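# Structural description and commentary
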Amino acid sequence: MIEEGRALFLQIAEGIEDSILDGSLPEETRAPSTNELAAFYRINPATAAKGVGLLVDKGVIYKQRGIGMFVATGARAAVLAERRAAFADRFVDPLLAEARSLGLGPDELAALVRDRAASAAAATPAGGPTPSTISAQTTPDSFGGAR
């Protein structure tokens, strides 16, 4: 659940974003508090607060004093846009650079990607395994309650 070698506060923020993306934390619903996160992950509340603070700074979640943390309207679209841009930077740009060095044009590259995607889809049974995310453990009711 927690990865060694990566800052915990970043993992907390990414986990909440994952829950927003997969719909387990819909917009305008209560998000886990820093104390709930700290108890769930058995970490220092200041570390959890730093992760939550990142999301507040990005406008993904907001605080209602005395009530709690809530997922902002438009949060899913904002997280999706940020993740897509990061995906392009991390994977697509290097792919395009390598394709150019191999003399692959856009049509050839697109055909190669389509073929590989079709092969991967055929190899995965319908309803097969999906990547696990923090969301399975991070519904608002799961924090601080009995586990």
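Residues numbered from 1 in each chain as written. Predicted model: local features only at pLDDT ≥ 70, side-chain atom pairs only at ≥ 80, totals over all residues. Heavy atoms only, no water.

The next point concerns the overall build of the chain. Across its full length, the chain carries five helices and three strands. The helix and strand sequence of the chain, counted from the amino end, reads α-β-α-α-β-β-α-α. Looking at the chain as a whole, 26% of its 147 residues are labelled buried. Once local pairs closer than 6 in sequence are excluded, the contacts in the chain between residues at least 24 apart make up 63%. Counting every atom, the chain has about 9400 Å² of accessible surface; 57% of that belongs to carbon and sulfur. (Helix = DSSP H or I, 4+ residues; strand = E, 2+ residues; numbered from the N terminus. Buried < 20%, exposed > 50% of the residue type's maximum accessible area, 1.4 Å probe, protein only. Contact = heavy atoms within 4.5 Å. Areas by Shrake-Rupley, 256 points an atom, 1.4 Å probe, with all protein chains shown as cover.)

Here we come to the packing of aromatic side chains. Overall, the coordinates contain three aromatic pairs when judged by the stated rule. Summarising the aromatic geometry, the rings of Phe-40 and Tyr-41 are spaced 5.0 Å apart at their centres and angled 90° between planes, so their arrangement reads as edge-to-face. Residue Phe-40 is classed as buried on the basis of its relative accessible area of 9%. Judged by its relative accessible area of 9%, Tyr-41 falls in the buried class. (Phe/Tyr/Trp six-rings, centres within 6.5 Å; stacked < 30°, edge-to-face > 60°.)

On to the sheet that holds strand S2 (residues 61–64). Read across the sheet, three strands follow the order S1-S3-S2 without closing on themselves; strand pairing throughout is antiparallel. Since the sheet does not close on itself, it has two edges, and those belong to strand S1 (30–31) and S2, each with one partner. Note that S2 and strand S3 (residues 68–71) share four bridges and pair antiparallel. Within S3, the residue paired with Lys-63 across the bridge is Met-69. (Pairing = 2+ DSSP bridges.)

Let us look at helix H2 (residues 34–41). Turning to H2, its buried residues are Glu-36, Leu-37, Ala-38, Phe-40 and Tyr-41. Packed against the buried residues of H2 are helix H1 (8–21), S1 and helix H3 (45–58). Note on H2: the residue one or two positions beyond its end, Arg-42, has a positive phi of about 55°.

On to the confidence of the model for the chain, then. When pLDDT is averaged along the chain, the result is 86; 84% of the residues meet or exceed 70. Note on residues 129–147: pLDDT is under 50 here. Beyond four places in sequence and across chains, it has 29 contacts. (pLDDT = per-residue confidence, 0-100.)

Here the focus is the environment of Arg-30. Tracing the sequence through the fold places Arg-30 in strand S1. Here Arg-30 falls in the partly exposed class, since its relative accessible area comes to 31%. The spacing of Arg-30 and Ile-67 is 37 residues in sequence and 9.0 Å in space, taken between C-alpha atoms. There is a polar contact of 2.4 Å between the side chain of Arg-30 and the side chain of Glu-36. (Polar contact = N/O pair within 3.5 Å; in protein donor to acceptor, adjacent residues only side chain to side chain.)

The next subject is the side chain of Gln-11. One can find Gln-11 in helix H1. The exposure class of Gln-11 is buried, given its relative accessible area of 8%.

Under the criterion given, the structure shown has six salt bridges. Measuring nitrogen to oxygen at the nearest pair gives 2.4 Å for the salt bridge that ties Glu-36 to Arg-30. (Salt bridge = Lys/Arg side-chain N within 4 Å of Asp/Glu carboxyl O.)

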